[in-house]
Amino acid sequence: MCASTMYIMAEFGGEGGEANAQTKTMKPIMKGMAGVSLIVTAWFPAAMFCYWVPSNVISLANILVFRVPAMKKLFGFADAGTRSSFSHRLA
């Protein structure tokens, strides 16, 4: 369950920044880490997953909800390609 939610987050997440060679390289690496985590976490205590699974599900819901332009507008988030009013105040 954890590896699958991690894989889905790697697939759908990370759209906030600009797409460059590094981000294109990191996406397959993060997907591979999901597969490695399946092997590594097989011997973890079950209590660890009582935190990890809900955390991944909430993060995944966050990613999917804020992909919808209406939700971004409702909460006042700028599109990935535009500068927010906060960043204009910092410049």
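What counts, and where the lines are drawn
Residues numbered from 1 in each chain as written. Predicted model: local features only at pLDDT ≥ 70, side-chain atom pairs only at ≥ 80, totals over all residues. Heavy atoms only, no water. Helix = DSSP H or I, 4+ residues; strand = E, 2+ residues; numbered from the N terminus. Buried < 20%, exposed > 50% of the residue type's maximum accessible area, 1.4 Å probe, protein only. Contact = heavy atoms within 4.5 Å. Areas by Shrake-Rupley, 256 points an atom, 1.4 Å probe, with all protein chains shown as cover. Phe/Tyr/Trp six-rings, centres within 6.5 Å; stacked < 30°, edge-to-face > 60°. Patch = residues over 30% accessible without salt bridge, like charges linked within 9 Å, V, L, I, M, F, W, Y side chains within 5 Å. Salt bridge = Lys/Arg side-chain N within 4 Å of Asp/Glu carboxyl O. Axes fitted to C-alpha atoms, helices over the stretch in contact; angles between N-to-C directions. Parallel < 35°, antiparallel > 145°, perpendicular 65-115°, else oblique. Nonpolar A, V, L, I, M, F, W, Y, C, P; charged D, E, K, R; others polar. Left-handed = near helix turned anticlockwise from the far one by under 90°.

A. Focus on the overall build of the protein chain. On a plain count of helices and strands, the protein chain comes out with 5 helices and 0 strands. Secondary structure elements of the protein chain occur, N-terminal to C-terminal, as α-α-α-α-α. Scored against the burial criterion, the 91 residues of the protein chain give a buried share of 14%. A separation threshold of at least 6 residues defines the contact pool for the protein chain, and within that pool the share at least 24 residues apart is 66%. Element-wise, carbon and sulfur atoms account for 70% of the exposed surface of the protein chain, whose accessible area totals about 6900 Å².

B. Spotlight on the packing of aromatic side chains. Counting across every chain of the model gives 1 aromatic pair. Where Phe-66 meets Phe-75, the ring centres are 5.4 Å apart and the plane angle is 70°; that geometry is what we call edge-to-face.

C. Just a nonpolar patch on the surface, in detail. On the surface, Met-26, Ile-29, Met-30, Met-33, Val-36, Leu-38, Ile-39, Val-40, Trp-43, Phe-44 and Met-48 cluster together into a nonpolar patch covering about 1100 Å² of accessible area. The biggest single contributor to the nonpolar patch is helix α2 (residues 21–40), with 8 residues. Looking at where Trp-43 falls in the secondary structure, it is placed in the loop between α2 and α3 (46–65).

D. Region of interest: the packing of helix α1 (residues 2–12) against α2. With their axes 8 Å apart at the nearest point, α1 and α2 run at an angle of 175° to one another. On the basis of the axis angle, α1 is roughly antiparallel to α2. Touching Ala-3, Met-6, Tyr-7, Ala-10 and Glu-11 of α1 are Lys-27, Met-30, Lys-31, Met-33, Ala-34, Ser-37 and Leu-38, all from α2. A class-by-class count of the residues in the contact of α1 with α2 yields 8 nonpolar, 1 polar and 3 charged.

E. A look at the side chain of Thr-41. Note on placement: Thr-41 falls in the loop between α2 and α3. Residue Thr-41 is classed as buried on the basis of its relative accessible area, which comes to 10%. Aside from chain neighbours lying at most four places away, what touches Thr-41 is Phe-49 and Trp-52.

F. The environment of Ile-39, seen in detail. With respect to the helices and strands, Ile-39 occurs in helix α2. Considering only alpha carbons, one finds Ile-39 and Ala-3, 36 residues apart in sequence, at a separation of 9.2 Å.

G. Fine view of the packing of α1 against α3. Two elements in contact, α1 and α3, have axes separated by 9 Å at closest approach and are oriented at 25°. When the axes of α1 and α3 are compared, the pair comes out roughly parallel. As α1 packs across α3, the resulting crossing turns out to be left-handed. Within the contact between the two elements, α1 uses Cys-2, Thr-5, Met-6, Ile-8, Met-9 and Phe-12 and α3 uses Phe-49, Trp-52, Val-53, Asn-56, Val-57, Ser-59, Leu-60, Ile-63 and Leu-64.

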